[in-house]
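# Fold and geometry: a report
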Amino acid sequence: MIQWTKKEPVDVDLESENELEKDQESENLLNLLYSIAQDKALLDGTVHRSITCNHCQTSPVRGFRFKCANCVDFDLCQNCEALEVHNPTHNFIKIRIPIPPLANPRSILFEPFYPGPNFSVPKNIDFTDLERQSHFDHVEILGFYHQYLSLSTVERPGGGITRQTFNACLGPLGSTRNLIIDRMFLFFDTNSDQSIDFPEMIRGLSILCKGSLEERIVHAFKGYDLNNDGVISRDEFRAIFKAYFHLSMELVRDVVKVMEENLMATFDDEAAKPVSASFPAPSRISAEEESELQTKQQFVQDEDEVVSPLATVRDTLETIRKRSLPKKLVTFDAISPFLSPKSPIEEEMPIVEVISQDAIEELVSSVYVTAKTQSDLDLNMFRQVVQQDMNLLAWFEALGSIF
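Rules used in this analysis
- Residues numbered from 1 in each chain as written.
- Predicted model: local features only at pLDDT ≥ 70, side-chain atom pairs only at ≥ 80, totals over all residues.
- Heavy atoms only, no water.
- Helix = DSSP H or I, 4+ residues; strand = E, 2+ residues; numbered from the N terminus.
- Buried < 20%, exposed > 50% of the residue type's maximum accessible area, 1.4 Å probe, protein only.
- Areas by Shrake-Rupley, 256 points an atom, 1.4 Å probe, with all protein chains shown as cover.
- Core = buried A, V, L, I, M, F, W, Y, C linked by side-chain atoms within 4.5 Å.
- Contact = heavy atoms within 4.5 Å.
- Patch = residues over 30% accessible without salt bridge, like charges linked within 9 Å, V, L, I, M, F, W, Y side chains within 5 Å.
- Salt bridge = Lys/Arg side-chain N within 4 Å of Asp/Glu carboxyl O.
- Pairing = 2+ DSSP bridges.
- Axes fitted to C-alpha atoms, helices over the stretch in contact; angles between N-to-C directions.
- Phe/Tyr/Trp six-rings, centres within 6.5 Å; stacked < 30°, edge-to-face > 60°.
- Lys NZ or Arg CZ within 6 Å of the ring centre and 35° of its normal.
- Disulfide = S-S within 2.5 Å.
- Expected span 1.5 Å × (residues − 1).

## Re the overall build of the chain
A count of helices and strands for the chain gives 14 helices and seven strands. For the chain, the residues scored as buried account for 34% of the 403 residues in total. When the accessible area of the chain is evaluated, it comes to approximately 25,600 Å², of which 54% is carbon and sulfur surface.

## Quick word on the nonpolar core
Counting residues in each nonpolar core, the largest one holds 56 residues, and the members touching the most others are F166, M184, F198, F237, F382 and F403. When residues of this core are traced back to their parent elements, those giving at least two are α4 (138-151), α6 (179-188), α7 (198-210), α8 (213-224), α9 (234-266), α13 (349-371) and α14 (379-388). When sequence neighbours within four positions are dropped, the list of residues in contact with F237 reads Y224, I232, V364, V367, Y368, L377 and F382. Counting 11 residues, the second largest nonpolar core, distinct from the first, contains F66, C71, L76 and C77.

## Quick word on a nonpolar patch on the surface
A cluster of nonpolar side chains, L29, L30, L32, L33 and I36, forms an exposed patch at the surface whose accessible area comes to about 500 Å². Tracing the sequence through the fold places L29 in helix α1 (residues 12-45).

## Remarks on the sheet that holds strand β4 (residues 75-77)
In space, the three strands of this open sheet follow the order β4-β3-β5, with antiparallel pairing throughout. Strands at the two margins of the open sheet, each flanked by one partner only, are β4 and β5 (92-95). Averaged over all pairs of adjacent strands, the angle between strand axes in this sheet comes to 25 degrees, irrespective of strand direction. Pairing between strand β3 (residues 65-68) and β5: four bridges, direction antiparallel. Each residue of the ladder has a partner; that of F66, found in β5, is K94.

## Some thoughts on the packing of aromatic side chains
A complete count under the given rule lists 22 aromatic pairs for this structure. Here the aromatic rings of F187 and F396 are separated by 5.1 Å at their centres, their planes lie at 85 degrees, and the arrangement is edge-to-face. With F187 in helix α6 and F396 in the segment after α14, this residue pair connects regions lying 209 residues apart in the sequence. Between the aromatic rings of F221 and F382, the centroid separation amounts to 5.7 Å while the plane-to-plane angle is 55 degrees, which identifies the pairing as tilted. Of the two residues, F221 sits in helix α8 while F382 sits in helix α14, which places them 161 residues apart along the sequence. F221 sits in the buried class, given a relative accessible area of 7%. Classification of F382 as buried rests on a relative accessible area of 0%. It is K94 that lies over the ring of F64; its NZ or CZ is 4.1 Å from the centre. When the ring centre of F185 is taken as reference, the NZ or CZ atom of R163 above it lies at 5.2 Å.

## A short note on the state of the cysteines
Inspection of every chain in the model, using the stated rule, returns zero disulfides. Cysteine C53 shares no disulfide, and the gap to the nearest cysteine sulfur, in C56, comes to 3.5 Å.

## Describing the pattern of salt bridges
Inspection of every chain in the model, using the stated rule, returns 11 salt bridges. For D73, the salt bridge is made with R106, and the minimal N-O distance between the two is 3.0 Å. Note that D73 is positioned in the loop between β3 and β4 and R106 in the loop between β5 and α3 (128-133), a separation of 33 residues in sequence. Exposure remark for R106: the relative accessible area of 44% places this residue in the partly exposed category. Note that E140 and K210 form a salt bridge whose closest N and O atoms lie 2.9 Å from each other. Taken together, the residues span a long stretch of sequence, with E140 in helix α4 and K210 in helix α7 at a distance of 70 residues. Among the charged side chains, a salt-bridge network with shared partners connects R163, R177 and D182.

## What about α7?
Owing to its 3.6 residues per turn, the α-helix aligns residues three or four sequence positions apart on the same side. When the terminal C-alpha atoms of α7 are compared, their 17 Å separation across 13 residues agrees well with the 18 Å that a helix rising 1.5 Å per residue should span. When α7 is considered as a whole, its buried residues turn out to be F198, E200, M201, I202, G204, L205, S206, I207 and L208. The secondary structure elements touched by the buried residues of α7 are α3, α4, β6 (161-162), α6, β7 (195-196) and α8.

## Observations regarding unusual backbone geometry
Look at the link from S59 to P60: it is a cis peptide, with omega at -5 degrees. Checked against the element boundaries, P60 lands in the loop between β1 (47-48) and β2 (61-62). With a phi close to 55 degrees, E84 is a non-glycine residue in the positive phi region. Following the sequence through the fold, E84 ends up in the loop between α2 (78-81) and β5. Relative accessible area serves as the criterion here: at 70%, E84 is assigned to the exposed category. Backbone geometry places K372, a non-glycine residue, at a positive phi of 60 degrees. Mapped onto the elements of the fold, K372 is located in the loop between α13 and α14. The exposure class of K372 is exposed, given its relative accessible area of 76%.

## Looking at the environment of Q194
As for its placement among the helices and strands, Q194 is situated in the loop between α6 and β7. Put simply, Q194 and R163 are 31 residues apart on the chain and 6.7 Å apart in space, counted from C-alpha to C-alpha. When residues no more than four places from it in sequence are discounted, the contact partners of Q194 are T162, R163, F185 and D189.

Keep in mind these numbers describe shape, not what the thing actually does.
Below, the structure is given as structure tokens:
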């Protein structure tokens, strides 16, 4: 007796797609292996002649060379650099292309960025308490601990970051005296011992980097409350607003200076010249006189020519300064157009100062209009104002995370 069995149909298209995917994965893997081998061959072919690794004594160094910028003459090969065998506060320069042997610098290239001494991080540190007190996990806290040790200069168990080191972390801003910088140091230094220990650093960074709105409101309120009486007065608002204004001026000054330098370096007045300027005209003056005349014409422009970029920037800033402030609620963004550098128009700074005072007074008035009161603001009233104008927290976040 013959029995017929029904055979399931084969999905040919599905099998073909699977085979194509496998072939593509194999090809991708081969390309990856080929690329790795090619890079390895290129590194092995890069020879830094007359350079010896100060750790494993390999000579010459092949592949990437790492030169310590803070030591007189210290080099590591790429294998030893990964082992972290040198002072962790020192900075290394990664050199891909070999430098001619006689041109190699054998001196300190720049001073260390980190003031802390050489350190080694102990293993299996327990950060459980800090994890509960902050928004960071163990890995993040461990990374901050490395940074803390590189900045810690206080000679005591656990170390500490001094006010001098704190100011150095702010770059050029650290050399200026500003109320906001003082308040931010006190924000970290919760026990007022004139130094920042590691738990204080973590708790402060947790609020600045990952803090909730409520946390930022509470600590911004404490920053405004200069006399710690639990309320913010008009004078305290004025002091913080004025400090924020001058701090913003310092932040913008370097940016504007770089912009002006770039404009001057890249300025091209050829496009503004007439077509006839491209053709040499007959001249009866000598070549030396003609060269001197062309030099003078670079700096003296006729009315039909383009104004120099530096003058354009100055005119723009002058126009901005002459604008009157709007009568409506003025926010911190309204102050920003007036944040211009002293140089090269120092004689106009009194005008900016007058404008800043007017803007600050309007800011203070707007706060009390929003709060619908004329008395000092407590935390609850301050919280309600912030809900409507987040710019009141701007000074608290002006310096970023600092560390």
